[in-house]
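The primary structure of each chain is shown beneath.
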Amino acid sequence: MPTVSYGWLSAILLGTFAYILRQRSRGQRKQQCPPGPPTSWGGLKLKVELPKQYPWLTYAKWKGIYGDIVFLNIFRNPVLVLNSAEAAQDLLEKRSAIYSSRPVRTMQAELMGFGFLFSGLPYNAWYKQHRNMFHKHFQPKVVPEYHAIQLKHARILLRNLLHDHSNLDHHIRRTTAAIVLEISYGHHVADQGDEYVTLADKALFGVTQSGVFGTYMVDYVPLLKHVPAWMPGAEFKRNARKWRTLATQMLNRPFEMVKERMESGTAEGCMITTELESWFREGIDNDKSRGTVIKDVAATAYAAGSDTTLSTLATFFLAMVLYPSVQEKARDEIFKHIPCGERLPSFGDRGDGQLSYIDYVIWESLRWHPVVNISLAHYIEERNDEYRGYTIPKGTTVLGNIWAITHDAAVYPDPEKFDPERFVNTRVNEEQGINPIPEVVFGFGRRVCPGRFLALDTIWIVIASVLAVYRISKTVDDDGNEVEPNVEYTSGLFSRPKPFEFRLTPLSDGATTLIAQTVTDA
Ligand code: HEM
């Protein structure tokens, strides 16, 4: 056995080596790329690797050494990390015409079977078809149609938390998943053990593991995909095989469910029924691939829309435990508008900046611990570019370090502090060039998150509802001393707080009554 495995490895390494030599012998002109950590000759013996755990922190450290644009060449894969808002703005926003593609992700798309996620597609006509369909259903003028769904699930959350708040992630995931599943598939999520939530949960674990560029060597050296799964060190192949089954199920099962319900006349109106009906009306033969686009778009909405919103809400709970005065201020703002215990907030309360402090709490939750700390990888596909006198070669993967941008002390003073107050005085902020609303947490240019309008609405209604009826605080030990919560975040594509302890108490008997009423309201 070992002889065979070494044979494979040698063949792959020799192939890679020969490729590099060929490229070099073509006598490429030496380009002056931006500075970065040294990689050895030909990129073969690496002195540096892209970090796998919390890469945003390592990149932020590199900023101190190499500056805000850091260049690496890993196995002939040029990678550029952007560590400042200015660089991200200059390249990913202003030059988004050439910085909006995505690199090939062998692990996620090819081996794991997540090629259906349009978030990973290169910037081409096929991608635009997906993005346009998505935009049709999630643009600002459409998302208010989903307020009733969001309100219902925010209230179910209040009730579920009253019974048990020990598994916060579970309850919030139920809320965020239920909203997207109802909008996309017209599916009503069961309170416990919903088949589709469980399925996506398992499948998405793989996506978040493989989502940050640099995690898997096979993304740099695609030839490694041919390594047999049984070989020592080929764990990635074994994992990929497992996740592939889940990916296929996540893509197909809920879609088939809607089609069956349509055939039996029991389907609820949703994104898929709307799209399928218009496809049938316009003639399937005129556009044979539209069925695939519909299926992909629904699955991408689900993959991208559930755990992201979950993370921000979990961060909000953690911040409220740690910063009780912020919590009181936000609650006071609600009670100025809706007297305590009178009724629960609804979207009508949001208009005209009436509850603007809540908006600041949301933006600070998004900034303090961004969900996506390294943007999905952008890719410059068409041609070489020049920036600040450096060459950015065609074929460079470009990573926006959202964490570094939102924790730049020159822009967000005292960045580790959760302080929604920082956004209050917009005039002074503008004059001093500090504390802009951190929209960067939703990414850049033409690939900016198209689900952000829905996300902000969900986060708003959940936060306003929770604050109106619950106090979130530290737990106390047997001697009555407050226990500090664990403040630790997961690595991976969607970063969220690891479990932490907190107390959740209804504010008053009136609040408990309001929560109980949601059983009949929702
Ligand atoms: C707090 C919640 C959310 C955050 C922080 C967030 C953040 C992001 C970020 C950083 C990107 C990558 C942008 C880039 O490449 O520059 C992205 C892409 C994307 N997001 Fe979100 N997102 C959130 C919620 C949602 C929701 C609710 C949906 C769907 C309903 C969604 C759908 C998508 C899609 C489809 C893409 C891929 C866009 C493309 O490649 O064209 N996101 N998101």
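None of the values given here were measured: they were computed from a predicted structure.

Brief notes about the overall build of the protein
Okay, so step 1: Secondary structure summary: the protein contains 18 helices and 10 strands in total.
Okay, so step 2: Here the C-alpha atoms of the protein give a radius of gyration of 24 Å, agreeing with the 24 Å that 2.2 N^0.38 yields for 522 residues.
Okay, so step 3: Taking the principal axes of the C-alpha coordinates as reference, the protein spans close to 80 × 60 × 50 Å.
Okay, so step 4: Expressed as a percentage of contacts within the protein between residues at least 6 apart in sequence, the contacts between residues at least 24 apart total 74%.
Okay, so step 5: Put simply, the protein shows about 22,900 Å² of open surface, and 53% of that area lies on carbon and sulfur atoms.

A short note on the nonpolar core
Okay, so step 1: Counting 83 residues, the largest nonpolar core has Met 107, Phe 114 and Ile 272 as the members making the most contacts within it.
Okay, so step 2: Ranked by the residues each element gives to this core, the list is headed by helix α9 (residues 235–264), at 10 residues.
Okay, so step 3: Residues in contact with Phe 114, not counting those within four places in the same chain, are Gln 108, Ala 109, Ala 203, Val 207, Trp 243, Ala 247 and Met 250.
Okay, so step 4: Of all hydrophobic cores here, the second largest spans 75 residues; its members include Leu 310, Leu 366, Ile 405 and Ala 468.

Quick look at the packing of aromatic side chains
Okay, so step 1: Enumeration according to the criterion identifies 19 aromatic pairs in this entry.
Okay, so step 2: When the centroid spacing of 6.2 Å and the interplanar angle of 85° are considered together, the rings of Tyr 323 and Trp 368 count as edge-to-face. Here Trp 368 lies in helix α14 (residues 356–368) and Tyr 323 lies in the loop between α12 (307–322) and α13 (324–337), a separation of 45 residues in the sequence.
Okay, so step 3: A relative accessible area of 22% places Tyr 323 in the partly exposed class.
Okay, so step 4: With a relative accessible area of 5%, Trp 368 lands in the buried category.
Okay, so step 5: Ring-pair connections join several aromatic residues into one group, and the members of that group are Phe 118, Tyr 123, Tyr 127, Phe 134, Phe 138 and Tyr 146.
Okay, so step 6: For Lys 242, the ring lying beneath its charged end belongs to Trp 243, and the centroid distance is 5.7 Å.
Okay, so step 7: The cationic tip of Arg 447 hangs over the ring face of Tyr 127; the distance from NZ or CZ to the ring centre is 3.8 Å.

Observations regarding the coordination of the iron atom of the ligand
Okay, so step 1: There is one protein donor for the iron atom of the ligand, and it is Cys 449 (SG), at 2.3 Å.
Okay, so step 2: Mapped onto the secondary structure, Cys 449 falls in the loop between α16 (426–432) and α17 (452–469).

Things to note about the sheet that holds strand β3 (residues 378–380)
Okay, so step 1: Strand order in the open sheet formed by 4 strands is β1-β2-β6-β3, with mixed pairing between adjacent strands. The open sheet has two free edges, formed respectively by β1 (69–74) and β3, since each of these has just one partner strand. Mean inter-strand twist for the sheet, computed between neighbouring axes without regard to direction, equals 25°.
Okay, so step 2: Packed onto the sheet, helix α2 (residues 55–66) meets β1, β2 (77–82) and β6 (396–400) and runs at close to 110° relative to β1.
Okay, so step 3: Helix α3 (residues 85–93) contacts β1, β2, β3 and β6 of the sheet and is inclined by roughly 130° relative to β2.

Thoughts on the pattern of salt bridges
Okay, so step 1: Per the stated rule, a full pass over the model turns up 28 salt bridges.
Okay, so step 2: Arg 496 is paired through a salt bridge with Asp 169; the nearest N and O atoms lie 2.8 Å apart. Of the two residues, Arg 496 is situated in the loop between β9 (482–483) and β10 (503–506) and Asp 169 in helix α7 (residues 168–185); the sequence distance between them amounts to 327 residues.
Okay, so step 3: In this structure, Arg 422 and Glu 364 form a salt bridge, with 3.1 Å as the shortest nitrogen-oxygen distance. In this pair, Arg 422 sits in the loop between α15 (402–406) and α16 while Glu 364 sits in helix α14, placing the two residues 58 residues apart along the sequence.
Okay, so step 4: Three or more residues are tied together by salt bridges with common partners; here these are Asp 169, Arg 173, Asp 201, Asp 307 and Arg 496.

A closer look at α13
Okay, so step 1: Between the first and last C-alpha of α13 there are 20 Å, a value that for 14 residues agrees with the 20 Å anticipated at 1.5 Å per step.
Okay, so step 2: Within the sequence span of α13, burial applies to Val 326, Gln 327, Ala 330, Arg 331, Glu 333 and Ile 334. What you see down the axis of α13 is that its buried residues fit within an arc of 150°, all on one side. Within α13, the exposed residues directed more than 90 degrees away from the buried face are Ser 325 and Lys 336.
Okay, so step 3: Of the surrounding secondary structure, the elements contacted by the buried residues of α13 are α12, α14, α17 and β7 (470–473).

Things to note about the packing of helix α6 (residues 147–163) against α17
Okay, so step 1: The geometry of α6 relative to α17 is characterised by a closest axis approach of 9 Å and an angle of 35° between their N-to-C directions. Considering only the axes of α6 and α17, their crossing is right-handed. Facing His 147, Gln 150, Leu 151, Ala 154, Leu 157 and Leu 158 of α6, the residues of α17 in contact are Leu 454, Asp 457, Thr 458, Ile 461, Val 462, Ser 465, Val 466 and Val 469.
Okay, so step 2: When its residues are assigned to classes, the contact of α6 with α17 shows 9 nonpolar, 4 polar and 1 charged.

Comments concerning the packing of α14 against α17
Okay, so step 1: Look at α14 against α17: their axes get within 10 Å of each other, and the N-to-C directions meet at 115°. In terms of crossing hand, the pair formed by α14 and α17 is right-handed. The segment α14 lies against α17, with Ile 358, Asp 359, Ile 362, Trp 363 and Leu 366 engaging Leu 456, Ile 459, Trp 460, Ile 463 and Leu 467.
Okay, so step 2: Here the residues of the contact of α14 with α17 sort into 9 nonpolar, no polar and 1 charged.

Structural notes on the site of the ligand
Okay, so step 1: Not every one of the 30 residues close to the ligand is listed here, only the nearest: Arg 102, Tyr 127, Arg 131, His 378 and Cys 449.
Okay, so step 2: A distance of 2.8 Å separates an oxygen atom of the ligand from a polar side-chain atom of Arg 131.
Okay, so step 3: Every element with two or more residues in the shell around the ligand is listed here: α5 (125–138), α11 (290–305), α12 and α17.
Okay, so step 4: A per-element tally of the shell around the ligand places α11 first, with 4 residues.
Okay, so step 5: Class assignment for the residues of the shell around the ligand results in 18 nonpolar, 9 polar and 3 charged.

A look at the environment of Glu 277
Okay, so step 1: Checked against the element boundaries, Glu 277 lands in helix α10 (residues 271–282).
Okay, so step 2: Between the C-alpha atoms of Glu 277 and Met 262, which are 15 residues apart in sequence, the distance is 9.8 Å.

Observations regarding α7
Okay, so step 1: Over its 18 residues, α7 runs 25 Å from end to end, which matches the ideal 26 Å to within 8%, given 1.5 Å per residue.
Okay, so step 2: Where burial is concerned, most of α7 is hidden: 17 out of the 18 residues are buried.
Okay, so step 3: Positive phi shows up at Gly 186, right after α7, with a value of about 65°.

Details of the side chain of Thr 309
Okay, so step 1: Following the sequence through the fold, Thr 309 ends up in helix α12.
Okay, so step 2: By relative accessible area, Thr 309 is classed as buried at 7%.

So, the confidence of the model for the protein
Okay, so step 1: The predicted model of the protein has a mean per-residue pLDDT of 89, with 90% of residues at 70 or higher.
Okay, so step 2: In the predicted complex, the global pTM is 0.91; the interface-specific ipTM is 0.99.

Rules used in this analysis
Residues numbered from 1 in each chain as written. Predicted model: local features only at pLDDT ≥ 70, side-chain atom pairs only at ≥ 80, totals over all residues. Heavy atoms only, no water. Helix = DSSP H or I, 4+ residues; strand = E, 2+ residues; numbered from the N terminus. Rg over C-alpha atoms; globule rule 2.2 N^0.38 Å. Contact = heavy atoms within 4.5 Å. Areas by Shrake-Rupley, 256 points an atom, 1.4 Å probe, with all protein chains shown as cover. Core = buried A, V, L, I, M, F, W, Y, C linked by side-chain atoms within 4.5 Å. Buried < 20%, exposed > 50% of the residue type's maximum accessible area, 1.4 Å probe, protein only. Phe/Tyr/Trp six-rings, centres within 6.5 Å; stacked < 30°, edge-to-face > 60°. Lys NZ or Arg CZ within 6 Å of the ring centre and 35° of its normal. Donors = N, O, S within 2.8 Å, 3.2 Å for Na, K, Ca; no water. Pairing = 2+ DSSP bridges. Axes fitted to C-alpha atoms, helices over the stretch in contact; angles between N-to-C directions. Salt bridge = Lys/Arg side-chain N within 4 Å of Asp/Glu carboxyl O. Expected span 1.5 Å × (residues − 1). Arc of directions from axis to C-beta. Left-handed = near helix turned anticlockwise from the far one by under 90°. Nonpolar A, V, L, I, M, F, W, Y, C, P; charged D, E, K, R; others polar. Near = heavy atom within 4 Å. Polar contact = N/O pair within 3.5 Å; in protein donor to acceptor, adjacent residues only side chain to side chain. pLDDT = per-residue confidence, 0-100.

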